[in-house]
Amino acid sequence: FAQQYRFAAAESVDESAAARAIAFVLVGSIGGALVGPAIASSLAIPIWDVPWLGAFLAVACLNLSAGVLLLGLRVQEAVVLPGASSEGRTVSQLLGSPRFLIAMLTGLVAQGMMAFIMTATPVSMHVIDGHDLASTASVIRAHVLAMYLPSLVSALLVGWLGVRLLLWIGVLALAATLVVGLQGHAWLHYWWALVLLGVGWNFLFVGGTSLLVASYAPE
């Protein structure tokens, strides 16, 4: 659900500032990259004989805190320009737009690949390859930082390089993730693969969301 914040941010500013608004939302997750793995590793304790319950209770408290903050959110209403169609395009017309399809596919590829690899990594590292919990958490921390730190410059890159080139760089980063990940199971293999995965996800996510916002009219 937190990933949807970027749409509210993009629709609350002019189209020219959408990429910057999206990037700012993602920058906020840098704090999560630092705090999240620490909470997971330090609170990975059984409560009432339930493994990991401490970590899950901490996640619940963090989400409740975010919910309290969101009660103060005031999203601007969309302004329809004079003379614009009140109905807009149909869903089938929107789905037939090449710009919309590219935006949707980049989001699917970025989120799907990131979720599959990131979720499998702790199991592969800790359970199968025997890396300790601290080493596993350090790789996940580096990955999450790589997902969100590029947001400090990705909005600028959209302006300098254009959305299309940024998307291609993201695709190349994801391809490099697979190449590095297939080379071995040492800590460095995991670290570099997950960092490349994070950077590729960011570029595709910021670029694809910017493209998506530009593919539909206010109405």
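In case you missed it, the structure is sitting above this.
Heads up: these notes are all about the structure in this document. Residue numbering note: each chain is counted from 1, following its sequence as written. Restriction of local features to residues with pLDDT of at least 70 applies here, the model being predicted, together with a cutoff of 80 or more for giving and counting side-chain atom pairs; totals for whole chains, interfaces and linings are based on all residues. Where side-chain values are given, they derive from all heavy atoms of the structure, hydrogens and water being excluded.

Some thoughts on the nonpolar core
Thinking step 1. Counting residues in hydrophobic clusters, the biggest one holds 37 residues, and the most contacted among them are Y148, V158, L197 and W201.
Thinking step 2. Numbering of helices and strands runs from the N terminus, with a helix taken as a DSSP run of H or I at least four residues long and a strand as a DSSP run of E at least two residues long. Put simply, the parts of the chain that give this core at least two residues each are α2 (18-27), α3 (30-42), α6 (98-128), α7 (133-148), α8 (151-161), α9 (163-181) and α10 (187-213).
Thinking step 3. At 12 residues, the largest contribution of residues to this core is made by α10.
Thinking step 4. In contact with W201, other than residues within four places in its own chain, are Q3, L26, A110, Q111, M114, M147, Y148 and L174. As used in this record, nonpolar core signifies buried Ala, Val, Leu, Ile, Met, Phe, Trp, Tyr and Cys residues forming a set joined through side-chain atoms within 4.5 Å. Only protein chains enter the area calculation, which uses a 1.4 Å probe; residues under 20% of their type maximum are buried, those over 50% are exposed, and those in between are partly exposed. What makes two residues a contact is simply this: any of their non-hydrogen atoms within 4.5 Å.

What about the packing of aromatic side chains?
Any two aromatic rings considered together are summarised by their centre-to-centre distance and by the angle between their planes.
Thinking step 1. For Phe, Tyr and Trp, rings pair up if their centres lie within 6.5 Å, where Trp contributes its six-membered ring, and each pair is then called stacked (planes under 30 degrees apart), edge-to-face (over 60) or tilted (otherwise). The tally for this structure, following the rule as stated, stands at 4 aromatic pairs.
Thinking step 2. For the pair Y148 and W201, a centre-to-centre distance of 5.5 Å together with 80° between the ring planes defines the contact as edge-to-face. With a gap of 53 residues between them, Y148 in helix α7 and W201 in helix α10 connect regions that are remote in the sequence. With respect to class, Y148 is no different from W201; both count as buried.
Thinking step 3. Taken together, the ring pairs connect Y148, W201 and F205 into an aromatic cluster.

Quick word on α10
Thinking step 1. Multiplying one less than the number of residues by 1.5 Å gives the expected span of a helix. If you check α10, its first and last C-alpha atoms are 39 Å apart, about what 27 residues at 1.5 Å a residue would give, namely 39 Å.
Thinking step 2. Within α10, 20 of the 27 residues are buried, which leaves it mostly tucked inside the rest of the structure.

Notes on the packing of α2 against α8
Thinking step 1. Remark: α2 packs on α8, axes separated minimally by 8 Å, with the N-to-C direction vectors making an angle of 170°. One finds that α2 runs roughly antiparallel with respect to α8. The residues of α8 that touch α2, namely those facing A19, R20, A23, L26 and V27, are S151, L152, S154, A155 and V158.
Thinking step 2. Partitioning the contact of α2 with α8 into residue classes produces 7 nonpolar, 2 polar and 1 charged. Only the contacting stretch of a helix is used when fitting its axis, a line to C-alpha atoms as for every element, and angles between N-to-C directions run 0 to 180 degrees. In this scheme, roughly parallel covers angles under 35 degrees and roughly antiparallel covers those over 145, while 65 to 115 is roughly perpendicular and the rest are oblique. Note on residue categories: nonpolar means Ala, Val, Leu, Ile, Met, Phe, Trp, Tyr, Cys or Pro, charged means Asp, Glu, Lys or Arg, and polar means any other residue, Gly included.

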